[in-house]
Amino acid sequence: PPELLEVDSVLYPSGIEITDTGEPSNLCATCHSGREAKATVDAAIDAGAYSFLNVHYKPAAAVQRGFEAQVGYEYDGLTYAGRFVHPEATGCGYCHNAAATEHTFDPGHDLTGCGDCHVGATTVDELRLAFDNTDWDGDGAADEPLADEIGTVADALLAEIRLAAVSGGGEAICYDPLAYPYFFTDTDDSGDCDPGETVYPNLYVDWTPALMKATFNYQLSQKDAGAWAHNFDYMLQLLIDSVDDLGGDTAAYTRP
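The structure displayed is predicted, hence computed values, not measured ones.

(A) Inspection of the pattern of salt bridges at higher detail. Under the criterion given, the structure shown has eight salt bridges. Here Asp20 ties to Arg65 by a salt bridge, and the two come within 3.5 Å at their closest N and O atoms. Note that Asp20 is positioned in the loop between β2 (17-19) and α1 (25-29) and Arg65 in helix α3 (residues 60-65), a separation of 45 residues in sequence. Lys38 is the partner of Asp42 in a salt bridge, and the nearest nitrogen-oxygen pair spans 3.1 Å. Of this pair, Asp42 and Lys38 both sit in helix α2 (residues 38-46), four residues apart, which is roughly one turn of that helix. With a relative accessible area of 23%, Asp42 lands in the partly exposed category. Classification of Lys38 as buried rests on a relative accessible area of 13%. Beyond isolated ion pairs, a larger network of salt bridges with shared partners links Asp20, Arg65, Glu68 and Arg83.

The structure is reproduced here in structure tokens:
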């Protein structure tokens, strides 16, 4: 077989370049790092160019690096988790093992060895070791999948985004994860993007700096569906801080 291409450093959209000589995961990160970041959001705000900036698809490497890459919108004056390091290995290939998963890269296709530490786990959703006993989203369930802990706060953030849009004098806003550019004018104020609303001419235009920051983090949580595994602490911090910045109630949440 051909040798793996060696990539010693990765340039993230924040402008930060991380050098990790000999790390095979750098090859993955060259694509899975996103295309926008806090730095580009702030630059657009400073220039008065208010619009939605899309982080792009599957920015898993950026999420895994946390504040080292500074791709998420990190609010000034707050601290954020750094790189998530799995106790057994730091590289992408430990969970996304091409050979063991017949090249699907889906961790759920090969949980061999996971049960040694994640006792009793038979599916990816059950991999919750080291996060037990904390009800992060305050819904009364301390043993639900970590994706659900993040999902509850993400749902709350979307609700706050809708409130902030109209309270700021703009039109109602809705979100569709499958239709570019994702945020549209909710013409009937139903709370959902209905057929006919998810067309480009109906894209949302009443942007404010606060909405740009919050929607960036919301989109980050949606485009990295595995954020709960890649860097749970970092993603939950971003979402909670976004809710708080929009004036939402975060008292029930536990910020990592």
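(B) Layout of the nonpolar core. Counting 56 residues, the largest nonpolar core has Tyr12, Leu157, Ile161, Phe183 and Trp207 as the members making the most contacts within it. Secondary structure elements with two or more residues in this core: α2, α3, α4 (146-167), β3 (173-175), α5 (209-223) and α6 (227-245). Here this core takes ten residues from α6, the largest share from any one element.

(C) A look at a negative patch on the surface. Where like charges cluster on the molecular surface, the negative patch consists of Asp125, Glu126, Asp139 and Asp148. Here Asp139 lies in the loop between α3 and α4. Note on Asp139: relative accessible area 39%, which makes it partly exposed.

(D) Structural context of the layout of surface pockets. Space inside the second largest pocket adds up to approximately 200 Å³. Along the walls of the second largest pocket sit 13 residues, with Ser51, Phe52, Leu53, Tyr180 and Pro181 positioned nearest its centre. Broken down by class, the residue content of the lining of the second largest pocket amounts to ten nonpolar, two polar and one charged.

(E) Broad picture of the state of the cysteines. If you walk through the whole model with that rule in mind, you get one disulfide. Two residues, Cys174 and Cys193, share a disulfide whose sulfurs are 2.2 Å apart. For the disulfide bridge between Cys174 and Cys193, the dihedral angle about the S-S bond is near 100 degrees, and by the sign convention the bridge is right-handed. With Cys174 in strand β3 and Cys193 in the loop between β4 (183-185) and α5, the pair connects residues that are 19 residues apart, well separated along the chain. An identical accessibility class is assigned to Cys174 and Cys193; each is buried.

(F) Looking closely at the side chain of Asn231. Topologically, Asn231 is positioned in helix α6. Within the local environment of Asn231, its side chain forms a polar contact with the backbone oxygen of Val63, the two atoms lying 3.1 Å apart. At 2.8 Å, the side chain of Asn231 forms a polar contact with the backbone oxygen of Gly82. Excluding residues within four positions of it along the chain, Asn231 makes contact with Val63, Gln64, Arg65, Gly66, Ala81, Gly82, Arg83 and Phe84.

(G) Examining unusual backbone geometry more closely. A cis amide bond links Tyr180 to the next residue, Pro181, at an omega of 5 degrees. Along the chain, Pro181 falls in the loop between β3 and β4. Of note in this structure, His56 is not a glycine but carries a positive phi near 90 degrees. By the element assignment, His56 lies in the loop between α2 and α3. Note on His56: relative accessible area 29%, which makes it partly exposed. Even without being glycine, Phe105 reaches a positive phi, approximately 65 degrees. Looking at the secondary structure, you find Phe105 in the loop between α3 and α4.

(H) Local environment of the packing of aromatic side chains. As enumerated under the stated definition, the model contains 13 aromatic pairs in all. Relative to Tyr182, the ring of Tyr180 lies with its centre 5.9 Å away and its plane at 80 degrees, an arrangement referred to as edge-to-face. On the basis of relative accessibility, which here comes to 55%, the residue Tyr180 falls in the exposed class. By relative accessible area, Tyr182 is classed as buried at 2%. Seen in terms of ring centroids, Phe183 and Trp207 are 5.9 Å apart; in terms of plane orientation they differ by 90 degrees. Their pairing is edge-to-face.

About the thresholds
- Residues numbered from 1 in each chain as written.
- Predicted model: local features only at pLDDT ≥ 70, side-chain atom pairs only at ≥ 80, totals over all residues.
- Heavy atoms only, no water.
- Salt bridge = Lys/Arg side-chain N within 4 Å of Asp/Glu carboxyl O.
- Helix = DSSP H or I, 4+ residues; strand = E, 2+ residues; numbered from the N terminus.
- Buried < 20%, exposed > 50% of the residue type's maximum accessible area, 1.4 Å probe, protein only.
- Core = buried A, V, L, I, M, F, W, Y, C linked by side-chain atoms within 4.5 Å.
- Patch = residues over 30% accessible without salt bridge, like charges linked within 9 Å, V, L, I, M, F, W, Y side chains within 5 Å.
- Areas by Shrake-Rupley, 256 points an atom, 1.4 Å probe, with all protein chains shown as cover.
- Lys, Arg positive; Asp, Glu negative; His and termini not counted.
- Charge placed at Lys NZ, Arg CZ, Asp CG, Glu CD.
- 1 Å grid on protein atoms, 1.4 Å probe; cavity = no way out; pocket = protein on both sides within 12 Å on 5 of 7 lines; lining within 4 Å.
- Points joined across faces, edges and corners; volume = space filled by probe spheres on them.
- Nonpolar A, V, L, I, M, F, W, Y, C, P; charged D, E, K, R; others polar.
- Disulfide = S-S within 2.5 Å.
- Polar contact = N/O pair within 3.5 Å; in protein donor to acceptor, adjacent residues only side chain to side chain.
- Contact = heavy atoms within 4.5 Å.
- Phe/Tyr/Trp six-rings, centres within 6.5 Å; stacked < 30°, edge-to-face > 60°.

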